[in-house]
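Structural overview for review
So the chains spell out like this:
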Amino acid sequence: MPATPVVLAVPGHEASVERLCARLAAEPGAALVRSFPDGELLVRIDTPVEGRDVVLVGSLDRPADKLLALLFLAETARDLGAARIGLVAPYLSFMRQDVRFNAGEGITSRYFGALVSRTVDWLVTVDPHLHRLRSLDAVYRIPTRIARSAPAIAAWIRDHVERPLLVGPDAESEQWVSAVADACGAPFQVLEKTRRGDRDVSVTAPDVRGHEARTPVLIDDIISTGRTMIEAVRQLAAARMAAPIVIGVHGVFADDALADLRAAGAAQIVTCNTLIHATNAICVWDAIAASTRGMLAP
Ligand code: R5P
């Protein structure tokens, strides 16, 4: 019988260890990642890992702060004899720079995927931003599994919204919006977005004919600056629809994004708990645990 897997937190994601261990036959592990006064890191794993699967868990938003800790934890586990090391990163960063948009730019999706693939043996994530890339295999060289948020989002909508009209703010969002629409039996439509800069976004008007009495529910994978959702909220207001409910799979919320989105007129802002945030209302950890179970030794 294989030894019980050990789950260790990427610093700041201790609650995620609890969530995973509550759903898997796995042991929460103890590890220390401490900054020295000069900013270098001390890493120590206190739980025995020799011969055991180790699962590192933590989202990779604000990746510059987390990457070295992740790398050192994985290397330390390997040095201490861990059998296989996996990463459960509910939010996977660097998925949007998947081409060279302007001359001289780096294709960071590819470099980040290569780095993570050298660091761990497998990866589980939730709805990564696959758009031009058809699959994670395009940038990751290790086995990967994707946990889907659509069933949990659909269940939340069924429980909380009467007569919803689901709206995706851009072409990429169709994959998530259509999956949620299928699961909760609601109509959906997808707008078109033009992005000219980080915070310079425009979105086309919705076609609300026949849907006037419905509650609009905007759904997208990532809310970062919030500009995409803000422009979609404004278009729905211009079409005289009720104030929309805004749902993001990954609530990154850069700077004042949350306040700006509220000020733009969102009736309610709800996210999945891939990133810990006050807007978390939809739990996707059953799906994450199911995908992780598939990666562990039987
Ligand atoms: C990209 O197309 C993504 O699906 C999101 O629409 C985008 O990342 C949202 O970014 P922001 O909140 O900065 O507009």
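One structure accompanies this document, and this report is about it. Every value quoted in this text rests on a predicted model; they were computed, and no experiment measured them. (Residues numbered from 1 in each chain as written. Predicted model: local features only at pLDDT ≥ 70, side-chain atom pairs only at ≥ 80, totals over all residues. Heavy atoms only, no water.)

What about the overall build of the protein?
A count of helices and strands for the protein gives eight helices and 16 strands. Structurally, the protein occupies a C-alpha span of about 60 × 45 × 35 Å along its principal axes. Contacts spanning at least 24 positions in sequence make up 65% of the contacts within the protein whose residues lie at least 6 apart. Here the protein has roughly 13,400 Å² of accessible surface; of this, 49% comes from carbon and sulfur atoms. Charge separation in the protein, taken as the distance between the mean sites of 31 positive and 35 negative side-chain charges, equals 3 Å. (Helix = DSSP H or I, 4+ residues; strand = E, 2+ residues; numbered from the N terminus. Contact = heavy atoms within 4.5 Å. Areas by Shrake-Rupley, 256 points an atom, 1.4 Å probe, with all protein chains shown as cover. Lys, Arg positive; Asp, Glu negative; His and termini not counted. Charge placed at Lys NZ, Arg CZ, Asp CG, Glu CD.)

Here we look at the packing of helix H6 (residues 227-238) against helix H7 (residues 257-264)
Where H6 meets H7, the closest approach of the two axes is 9 Å, and the angle between their N-to-C directions is 5°. Between H6 and H7, the angle falls in the class roughly parallel. Residues Arg-227, Met-229, Ile-230 and Val-233 of H6 lie in contact with H7, whose contacting residues are Asp-260, Leu-261 and Ala-264. (Axes fitted to C-alpha atoms, helices over the stretch in contact; angles between N-to-C directions. Parallel < 35°, antiparallel > 145°, perpendicular 65-115°, else oblique.)

Side note on the site of the ligand
Residues in close proximity to the ligand total 15 residues, the closest being Arg-195, Asp-220, Asp-221, Thr-225 and Thr-228. A distance of 2.6 Å separates an oxygen atom of the ligand from a polar atom in the side chain of Thr-228. Summarising the interface, the protein chains cover 95% of the accessible area of the ligand, which totals 380 Å² for the free molecule. Only strand E11 (193-197), strand E13 (215-223) and H6 provide two or more residues apiece to the shell around the ligand. Tallied by class, residues from the shell around the ligand come to two nonpolar, five polar and eight charged. (Near = heavy atom within 4 Å. Polar contact = N/O pair within 3.5 Å; in protein donor to acceptor, adjacent residues only side chain to side chain. Nonpolar A, V, L, I, M, F, W, Y, C, P; charged D, E, K, R; others polar.)

Quick word on the sheet that holds strand E2 (residues 27-28)
The parallel open sheet is built from six strands, whose spatial order is E2-E1-E5-E6-E7-E8. Taken across any chain shown, the strands that pair with only one partner, and hence form the sheet edges, are E2 and strand E8 (144-147). The pairing of strand E6 (residues 85-89) with strand E7 (residues 122-126) spans four bridges and is parallel. Note that in E7 the partner of Ala-89 across the bridge is Thr-125. (Pairing = 2+ DSSP bridges.)

Details of helix H5 (residues 174-184)
Given 3.6 residues per helical turn, the α-helix brings residues three or four places apart onto the same face. Every buried residue of H5 is listed here: Trp-176, Val-177, Ser-178, Val-180, Ala-181 and Cys-184. In this structure, the buried side of H5 is in contact with helix H4 (150-160), strand E9 (164-168), strand E10 (188-190) and E13. Directly after H5, the chain includes Gly-185, whose backbone phi takes a positive value near 65°. (Buried < 20%, exposed > 50% of the residue type's maximum accessible area, 1.4 Å probe, protein only.)

So, the pairing of E7
Buried residues dominate E7, accounting for five of its five residues. Every second residue of E7 is oriented toward a common face, with Trp-122, Val-124 and Val-126 on one face and Leu-123 and Thr-125 on the other, all of them buried. Once the chain exits E6 it traverses helix H3 (residues 108-119) before rejoining the sheet at E7, and the crossover so formed is right-handed. Where E7 meets E8, four bridges bridge the pair, whose relative direction is parallel. Bridging across to E8, Val-126 finds its partner in Ala-147. (Right-handed = clockwise from strand over helix to strand, strands pointing away.)

What about unusual backbone geometry?
A positive phi angle, close to 65°, is found at Arg-240, a residue other than glycine. The topology assignment puts Arg-240 in the loop between H6 and strand E14 (245-251). Arg-240 gets classed as exposed once you look at its relative accessible area, which sits at 77%. Phi at Asp-255 is positive, roughly 50°, even though this residue is not glycine. Among the residues examined, Asp-255 registers a relative accessible area of 61% and is labelled exposed.

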